[in-house]
Amino acid sequence: MFRRAFLALVLVCAAMPAWRAEDVTLLNVSYDPTREFYTEFNAAFARYWQDRHRQTVTFKQSHGGSGKQARAVIDGLEADVVTLALAYDIDVIAEKGRLLSPDWQTKLPHNSAPYTSTIDFLVRKGNPKGIRDWDDLVREGISVVTPNPKTSGGARWNYLAAWGYALKKWNRDEAKARDFVAALFKNVSVLDTGARGSTTTFTERGIGDVLLAWENEAFLAVKELGPEKFEIVTPSVSILAEPSVAVVEKVAEKHGTGEIAKAYLRYLYSEEGQEIAARHHYRPRSEKVAAKYAERFPKLDLFTVDELFGGWRQAQKIHFERGGIFDQIYRPGAR
Amino acid sequence: MPLLLKRRTVIPGFGLTFGLTMFYLSLVVLIPLSTVFLKTFSSTWPEFCDAAFSPQALAAYKLSLGASTVGALVNAVFGLVVAWVLVRCRFPGASVVDALVDLPFALPTAVAGIALTTIYSKNGWIGSLLSRFGIEAAFTPLGVTIALIFIGIPFVVRTVQPVIQELDREYEDAAASLGASRWQTFAKVILPTLWPALLTGFALAFARALGEYGSVVFISGNIPLKTEIAPLLIMKHLEEYDYEGATAVAVVMLAMSFALLLAINLLQRWSRRWQSP
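Since the structure is predicted, the reported quantities are computational estimates derived from the model, not experimental observations. (Residues numbered from 1 in each chain as written. Chains lettered and ligands numbered in written order. Predicted model: local features only at pLDDT ≥ 70, side-chain atom pairs only at ≥ 80, totals over all residues. Heavy atoms only, no water.)

Novice: Please clarify how the confidence of the model for chain B should be interpreted in this entry.
Specialist: As a note on interpretation, predicted positions should not be read in detail where pLDDT is low. Scored by pLDDT, chain B comes out at a mean of 88, with 95% of its residues at no less than 70. Confidence estimates for the predicted assembly give a pTM of 0.80 and an ipTM of 0.72. (pLDDT = per-residue confidence, 0-100.)

In structure tokens:
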């Protein structure tokens, strides 16, 4: 009796790896506002993979501030794929963590950014302060809410969007751009550590006349909190925010998930993936899907980080590192 | 040295317990802290100074130290009153109030921070009242202080409470019968007995406040030079992958807290000696 039970146990143990190999688990480490999007996309990909390969994929999602997530991956969080707010955070994983090759950005179309977004203004209903464009943000008596560019990936896009607008307006005059951004941050009274925190400060605490936000985050705020309270203002010029994705090669190799991780990211570019992104207010890359959702996304003049700032590494170094321009704005005696 | 120690103690097992103490302290406290110091050696002296004594860092130390001191002082005064009432006064629901005191210990600091911000912001209960008098609480240094008072209160109450319990009422009666006024009884009889415990409570509340991050980032505006606390500055450096900068600030914070705690310990010892001639 006892022996039979033991034998059964041995058999079960022997059989276990066989059926476990069928199931795959993927860990996608992402940033804050993608929660709702990836929940839907993961389900879609799991269906697609099941149909094609008769294999069940389960997903684990991790969300948080983009920089914090990158650090977690460097410090040993075993992500198969990362889908972060900006290319620089993945650059750092490649550089400091040596977990993927430095040319990761060339491995997928469109700089490895399957969907894009931009920076919009969220204002109170009726736009009582008459905010129409970036110039209005530096006016006397306007209170601006944005997260801290030092701690939030989204806020770095905000900052660069303002800088880029000024560069374009004053014909690439760096000194003018710097004065403009300094004046803008002089109107900021609360610098939260993350994008969601700023949204809460603006919507729940009633602080500020205008919130600088991701387009998708602004849409979400209006949808969740009511179009009778807030409205979105699209500036004339803004930045093309390109949230990047990559397979963390070393980890995927170790887990034996390299193929499926690649397929997962490529599926973001498929028609279904692009549709889901558009439904969650990310601007799709596919022209067909973009045309279908055209009325959702207001047209504006968009510039990229590569165009105006020579890429993320450069922008990070000049603007956000210790002693960089953002720190100089907050020197005592600086305007 | 071991011989000397052996002679002085009457309790058996001193070597074993002493060894355990040192091992435990090293594992839990000294080794993690020493890595912080070691990390600073990877940067040069000018680099260290640049990060540790930048205008932003100096402003952050000032705010952190100032708000922590004010918070701990407020707690020392009102914590003493709370402890006194809890021990000496019998009233219905006393045990509930007693349990309430510990809540700031148990509550996740982020929850505390968000709750405080909701109440003290301009459209919150207390914040709207204060704003009528032109006082802004949330997103100012005052807000930081409020958060630090909140998280520090149990430290004072819980250290002072047992000492008040031990306090013999006969001393107060004796003082009164000898013609001391109520104030004299408090200042000359009660306070000296409570002094060491009160100092400990103050030191604990102060030390806790100095390192507090979770609740403060919500209620503070986090504006550099104005409402940025030192722990946030450390987080900012980490976020930039600037580990040297982060440890530089951390080392200064550690040195300051250690100096202050040491000073308070010495003060305590001195006051004890002064009390029992």
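Novice: Could you clarify how one ought to interpret the sheet that holds strand S9 (residues 230-233) of chain A in this entry?
Specialist: For sheets, the rule is that strands pair by backbone hydrogen bonds, running either parallel or antiparallel. All names here are of chain A. Pairing is mixed across the open sheet formed by five strands, whose spatial order is S7-S6-S8-S5-S9. Only two strands of the sheet have a single partner each, and these edge strands are strand S7 (188-190) and S9. Here five bridges tie strand S5 (residues 119-124) to strand S8 (residues 210-214), and the two strands are oriented antiparallel to one another. Paired with Val123 across the bridge in S8 is Val210. Contacts between helix H9 (residues 215-225) and the sheet are confined to S5, S8 and S9, with S8 contributing the most and set at about 115° to the helix. (Pairing = 2+ DSSP bridges. Helix = DSSP H or I, 4+ residues; strand = E, 2+ residues; numbered from the N terminus. Contact = heavy atoms within 4.5 Å. Axes fitted to C-alpha atoms, helices over the stretch in contact; angles between N-to-C directions.)

Novice: What am I meant to see in the pattern of salt bridges here?
Specialist: All names here are of chain A. All told, the structure shown has 26 salt bridges over all chains when counted by the stated rule. In this structure, Asp135 engages Lys169 in a salt bridge whose closest nitrogen and oxygen atoms are separated by 3.0 Å. A residue pair is termed long-range when its members are at least 10 positions apart, and Asp135 in the loop between S5 and strand S6 (144-145) and Lys169 in helix H6 (residues 153-169) qualify at 34 residues. Residue class for Asp135 comes out partly exposed when judged on its relative accessible area of 29%. Of the residues examined, Lys169 reaches a relative accessible area of 41% and is grouped as partly exposed. Connected via shared salt-bridge partners are Glu40, Glu275, Arg279 and Lys292. (Salt bridge = Lys/Arg side-chain N within 4 Å of Asp/Glu carboxyl O. Buried < 20%, exposed > 50% of the residue type's maximum accessible area, 1.4 Å probe, protein only.)

Novice: Got a minute to help me understand the interface of chain A and chain B in this structure?
Specialist: Interfaces are often described in size by the accessible area the parts lose on coming together. Contacts between the two partners involve 30 residues from chain A, matched on the other side by 30 residues from chain B. Each partner contributes to the roughly 2,600 Å² buried at the junction of chain A and chain B, and carbon and sulfur atoms together form 54% of this total. Considering only the surface of chain A that becomes buried against chain B, A:Arg71, A:Arg205 and A:Arg322 emerge as the three largest contributors, covering 31% of it. There are two salt bridges connecting chain A and chain B. A salt bridge links A:Arg322 to B:Asp242, with the nearest nitrogen and oxygen atoms 2.6 Å apart. The tally of links between chain A and chain B comes to nine residue pairs in polar contact (both at pLDDT 80 or more). For the side of chain A that touches chain B, the elements supplying multiple residues, two or more each, are helix H3 (66-74), helix H4 (87-96) and S7 of chain A. Within the side of chain A that touches chain B, the residues separate by chemical class into eleven nonpolar, seven polar and twelve charged. (Buried area = accessible area lost by both parts, 1.4 Å probe. Polar contact = N/O pair within 3.5 Å; in protein donor to acceptor, adjacent residues only side chain to side chain. Nonpolar A, V, L, I, M, F, W, Y, C, P; charged D, E, K, R; others polar.)

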